[in-house]
Amino acid sequence: MSNCREMKDLLVRYAKARVPLITVKTDERARVLEILGEVAEELGQTIYCHTKSKGFYDAVSKNMVNEGSELYEAIDFIREQMKKKTHLTFALSDSGDIADEGADAKELYDLVQYAIERTSSIIAITNKSVWPQLQQNGLVIELDRPDEDEAYEIIKNLVDEYRGIPSVSIEWTDREVREVASTLAGVSQIEIENTIASLLATGHITNNDLVELRSSKDKLFSNIDGLEKIKTSESDAQVGGLSALQKWCDEKKELLSPEKRDELLRKNLKPPRGILLVGVPGCGKSLSAKSIASKWKLPLYRLDFATVQGMYVGQSERQLKEAFMTAEAVSPCVLWIDEIEKGLSGAGNGGDGGVSTRMVGQFLFWLQECTKMVFIVATANDVSKLPSELLRRGRFDEIFFVDLPSDEERRSIMKLYMKKYLELNFEGPFSDELVQLTEGFSGADLESTIRDLAYRKIANPEFTFSSEVIKKSFNNVVPLSQTSPEQIEAIQNWGRERAVPASGNPIGSQKLPKTEIPRVREVLLS
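Reference entry: report on the structure contained in this document.

Rules behind the numbers
- Residues numbered from 1 in each chain as written.
- Predicted model: local features only at pLDDT ≥ 70, side-chain atom pairs only at ≥ 80, totals over all residues.
- Heavy atoms only, no water.
- Helix = DSSP H or I, 4+ residues; strand = E, 2+ residues; numbered from the N terminus.
- Expected span 1.5 Å × (residues − 1).
- Buried < 20%, exposed > 50% of the residue type's maximum accessible area, 1.4 Å probe, protein only.
- Arc of directions from axis to C-beta.
- Pairing = 2+ DSSP bridges.
- Salt bridge = Lys/Arg side-chain N within 4 Å of Asp/Glu carboxyl O.
- Disulfide = S-S within 2.5 Å.
- Contact = heavy atoms within 4.5 Å.
- Axes fitted to C-alpha atoms, helices over the stretch in contact; angles between N-to-C directions.

Description of helix α4 (residues 103-117)
Taking 1.5 Å of rise per residue, the 15 residues of α4 would be expected to cover 21 Å, and the 22 Å separating its terminal C-alpha atoms lies within 8% of that figure. For α4, the full list of buried residues reads Ala105, Leu108, Leu111, Val112 and Ala115. Angular distribution of buried residues about the axis of α4 spans 125°; they occupy a single face of the element. Across from the buried face of α4, at angles greater than 90 degrees, the exposed residues are Ala103 and Glu117.

So this is what it looks like as structure tokens:
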């Protein structure tokens with residue numbers, strides 16, 4: 001889409017050329033009307049703008065010229081004015097329902113034909129598609145919501161007005177203004193102005209307000225079709241193990257600063273695209289998505305391919321496109337695509353009429369062309385169902401394999417949850433014993449066992465955490481490595497050739513435990 005400056009330049013050119021129908025597609029009508037005033041001044045022309053609240057008024061002087069508020073009254077006024085004079089320009093902020101061959105579209109079509117005769121222009125502002133027979137008489141301009149540079153100008157102008165006023169304290173430097181612009185890019189101009197005005201009304205703007213601004217944007221996009229907002233907390237940043245993945249993400253986090261983003265722009269480099277996490281189920285892939293969003297202090301949205309798949313031809317592709325456009329609007333953000341193989345597993349076999357294949361193509365195209373700070377964290381458990389196109393080098397920034405945790409990783413995971421759930425320090429000889437006892441456990445096995453101990457303690461305050469009770473709880477777990485070792489070995493073999501280890505240890509280095517006596521589970525009570 002066009003930004004504000006490009007849109008204004010196009011309007012000037014089209015108005016000079018007397019294009020009979022200029023369609024401006026946007027959801028910011030007030031912003032377009034403001035720009036039309038600038039265009040009229042630059043061209044030295046009169047542009048008559050119509051809104052339902054004001055009727056017709058001069059775009060520059062704002063003087064009223066006709067009070068008719070309804071669309072039919074506006075069309076009658078335009079027709080009468082064109083009978084008297086040629087080379088006129090009119091703008092309709094509400095052009096009615098012109099998406100198909102309805103009454104409004106036919107009425108406007110007839111008016112445009114007369115505008116052609118009278119060498120005049122009709123500017124129709126809409127946020128919907130236009131009846132093709134009507135649109136072929138003119139040209140289209142699209143105005144997106146303010147990008148980061150435009151948001152920066154809006155915010156800087158608002159804040160600078162209050163600098164030096166004794167009653168208003170402003171801590172923000174240019175760096176913070178740029179960070180705020182990055183956060184608020186993608187919302188409408190009026191929403192940016194209202195958000196900053198609400199901060200100025202408190203009498204002070206501090207660096208702590210940056211957190212509030214991120215939550216303000218979350219509220220503006222609280223209900224989004226196709227995307228689910230996932231709440232995160234500071235505790236989500238803590239993940240046991242996966243050191244290589246965490247270090248990689250820490251390095252990429254540095255690219256979020258205004259200075260680094262400017263450097264990327266100067267070198268014509270796009271922001272990081274994202275990562276694909278594959279590996280053993282229950283070992284931290286989904287948890288990593290929350291951890292990244294929490295560490296980077298970015299909102300987290302979850303895209304479920306199943307929710308965007310429709311029953312009609314083209315519906316799935318359209319809804320997926322809308323979901324991606326929304327993700328760009330809420331950027332910067334982390335977009336979590338959980339179990340991506342389930343939504344795209346039909347690609348190539350034609351069993352779904354080619355829908356999955358087209359969705360894969362659409363996803364890869366968007367991944368390649370997106371220039372907004374939307375960081376993808378895609379996870380997959382069943383690697384055999386992943387389309388080969390998804391794995392080509394360069395699609396994602398990296399493909400990480402999340403394996404069964406090593407001894408030190410299990411120690412780290414148990415220490416984290418023992419402290420969080422049981423308020424116990426996980427150290428000493430007993431910790432060494434538990435590390436050996438839990439060989440072959442996944443992170444989910446460890447977390448759920450410790451969580452169950454916390455449940456039992458809360459249910460019965462007299463319940464005590466003896467070493468025997470804790471060992472019995474872990475012995476009551478039958479890990480996936482024992483029930484499906486062949487499945488895990490197959491996943492590890494796949495990962496050795498295609499992914500890098502998230503832990504930093506070689507894939508499959510954690511040997512699967514072999515036991516001749518299978519574990520027998522029982523109900524544990526306090």
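Some words on the pairing of strand β14 (residues 374-380)
Counted residue by residue, β14 has 7 buried out of 7 residues, so it is predominantly covered. Residues Val374, Ile376, Ala378 and Ala380 of β14 are buried on one face, and the alternating residues Phe375, Val377 and Thr379, pointing to the opposite face, are buried as well. Two elements, strand β11 (residues 274-279) and β14, share 5 bridges in a ladder whose sense is parallel. Counted as the bridge partner of Leu277 is Thr379 from β14. Examined bridge by bridge, strand β13 (residues 333-337) and β14 share 5 bridges and lie parallel to one another. In the sheet register, Val334 faces β14, and the bridge partner there is Phe375.

Brief notes about the pattern of salt bridges
Pairing between side chains of opposite charge can happen when their charged atoms approach one another. All told, the structure shown has 30 salt bridges when counted by the stated rule. Residues Lys8 and Glu38 are paired through a salt bridge, measuring 3.4 Å at the closest nitrogen-oxygen approach. Highlighted residues: Lys8 in helix α1 (residues 4-17) and Glu38 in helix α2 (residues 29-43), separated in sequence by 30 residues. In this structure, the salt-bridge partner of Lys385 is Asp382, at a minimum N-O distance of 4.0 Å. Residue Asp382 is classed as partly exposed on the basis of its relative accessible area of 30%. What you see here is one network of salt bridges that share partners, running through Asp76, Arg79, Glu107 and Asp110.

Here's the deal with the state of the cysteines
All told, the structure shown has 0 disulfides when counted by the stated rule. The cysteine Cys370 is free of any disulfide, with Cys333 supplying the nearest cysteine sulfur at 8.7 Å. For Cys370, a relative accessible area of 11% translates into the label buried.

Looking at the pairing of strand β15 (residues 398-402)
The buried fraction of β15 amounts to 5 of the 5 residues, a majority that puts the element mostly inside the structure. Where burial is concerned, the two faces of β15 agree: the one with Glu398, Phe400 and Val402 and the one with Ile399 and Phe401 are both buried. Bridge count between β15 and strand β16 (residues 500-501): 2 bridges; the pairing is parallel. Considered in β16, the bridge of Phe401 is made with Pro501.

A word on the sheet that holds strand β10 (residues 227-230)
Note: strands within a sheet are paired through backbone hydrogen bonds, in either parallel or antiparallel orientation. Pairing is mixed in the open sheet, where 7 strands are placed in the order β10-β12-β13-β14-β11-β15-β16. Each of the sheet's edge strands pairs with one partner strand only, and the pair in question is β10 and β16. Relative to strand β12 (residues 300-303), β10 runs antiparallel, the two being bridged by 4 bridges. Opposite Ile230, over in β12, you have Leu300 as the bridge partner. Helix α12 (residues 285-296) rests against β10, β11, β12, β13, β14 and β15 of the sheet, and its axis sits at about 165° to β14.

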